Amino acid sequence: MPENELTTIHGTPVLVMPGDGAPLGTVEAATDVIGDAAWGEAQIVVIPVERLTDDFFELRTGLAGEVTQKFVNYRLRLAIVGDIESRVAESVSLRAWVTESNRGRQLWFVPTLDELADRLQA
């Protein structure tokens, strides 16, 4: 299984999870990633959408809120990277959450790492 990669994007330390690997389907799994980020002194964690379970995108399960809150508690920003357009099109609540999140600085949903880099440069 590939390892998380610590890199720097426009001066910001970023922990990038690989696209393949175990799904991040529990708060405990998120806590493990937070530990990796803290060890590497990352400020942002990038999670590819393919690493997230369907429960993350079903807001009524509460998983997305719990995972996001865990990152906030540890003062880590979170970027979900990949195409979620079909999921957003199917859920009014998910669309609203994504839109609101992207207005802030704590949680971003971006289609590519390049777009994340653009946001960090701005």
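Residues numbered from 1 in each chain as written. Predicted model: local features only at pLDDT ≥ 70, side-chain atom pairs only at ≥ 80, totals over all residues. Heavy atoms only, no water.

A. Molecular detail of the pairing of strand E1 (residues 5-9). Relative to strand E2 (residues 12-16), E1 is paired through five bridges, and the arrangement is antiparallel. Bridging across to E2, Thr7 finds its partner in Val14. Hairpin geometry of E1 and E2 is characterised by an intervening segment of two residues between the two adjacent antiparallel strands and by a positive phi of about 50° at His10. (Pairing = 2+ DSSP bridges. Helix = DSSP H or I, 4+ residues; strand = E, 2+ residues; numbered from the N terminus.)

B. Structural context of the packing of aromatic side chains. Per the counting criterion, the structure on display carries three aromatic pairs. The interplanar angle of 80° and the centroid separation of 5.3 Å between the aromatic rings of Phe56 and Phe57 together place this pair among those described as edge-to-face. When sorted by exposure, Phe56 lands in the same class as Phe57, which is buried. Ring centres 6.1 Å apart and planes at 55° place the aromatic pair Phe56 and Trp97 in the tilted group. Placement of the pair is Phe56 in helix H2 (residues 54-57) and Trp97 in helix H5 (residues 92-103), with a sequence separation of 41 residues. Given a relative accessible area of 1%, Phe56 falls into the buried group. The exposure class of Trp97 is partly exposed, given its relative accessible area of 22%. (Phe/Tyr/Trp six-rings, centres within 6.5 Å; stacked < 30°, edge-to-face > 60°. Buried < 20%, exposed > 50% of the residue type's maximum accessible area, 1.4 Å probe, protein only.)

C. Representation of a negative patch on the surface in the model. Among the surface-exposed residues, Glu3, Glu28, Asp32, Asp36 and Glu66 lie close enough to one another that they form a single negatively charged patch. Of the residues forming the negative patch, the biggest block, three residues, is contributed by helix H1 (residues 27-39). Inspection of the secondary structure puts Glu28 in helix H1. (Patch = residues over 30% accessible without salt bridge, like charges linked within 9 Å, V, L, I, M, F, W, Y side chains within 5 Å. Areas by Shrake-Rupley, 256 points an atom, 1.4 Å probe, with all protein chains shown as cover. Salt bridge = Lys/Arg side-chain N within 4 Å of Asp/Glu carboxyl O. Lys, Arg positive; Asp, Glu negative; His and termini not counted. Charge placed at Lys NZ, Arg CZ, Asp CG, Glu CD.)

D. The arrangement of the side chain of Ser101 in detail. Structurally, the position occupied by Ser101 is in helix H5. Ignoring sequence-local partners within four residues, the contact set of Ser101 consists of Leu107, Trp108 and Phe109. (Contact = heavy atoms within 4.5 Å.)

E. Inspection of the nonpolar core at higher detail. In terms of nonpolar packing, the biggest core is built from 29 residues, with Val45, Ile47, Phe56, Phe71 and Ile80 touching the most fellow members. Listing elements by their share of this core, those giving two or more residues are H1, strand E3 (44-48), H2, helix H3 (63-73), strand E4 (77-81), H5 and strand E5 (107-110). When residues of this core are assigned to their parent elements, the largest contribution, six residues, is made by H1. Other than its neighbours up to four places away in sequence, Val45 contacts Leu15, Val33, Ala37, Phe71, Leu76, Arg77, Leu78 and Ala79. The next biggest cluster of nonpolar side chains, apart from the first, holds twelve residues, and it includes Val14, Val81, Trp108 and Leu120. (Core = buried A, V, L, I, M, F, W, Y, C linked by side-chain atoms within 4.5 Å.)

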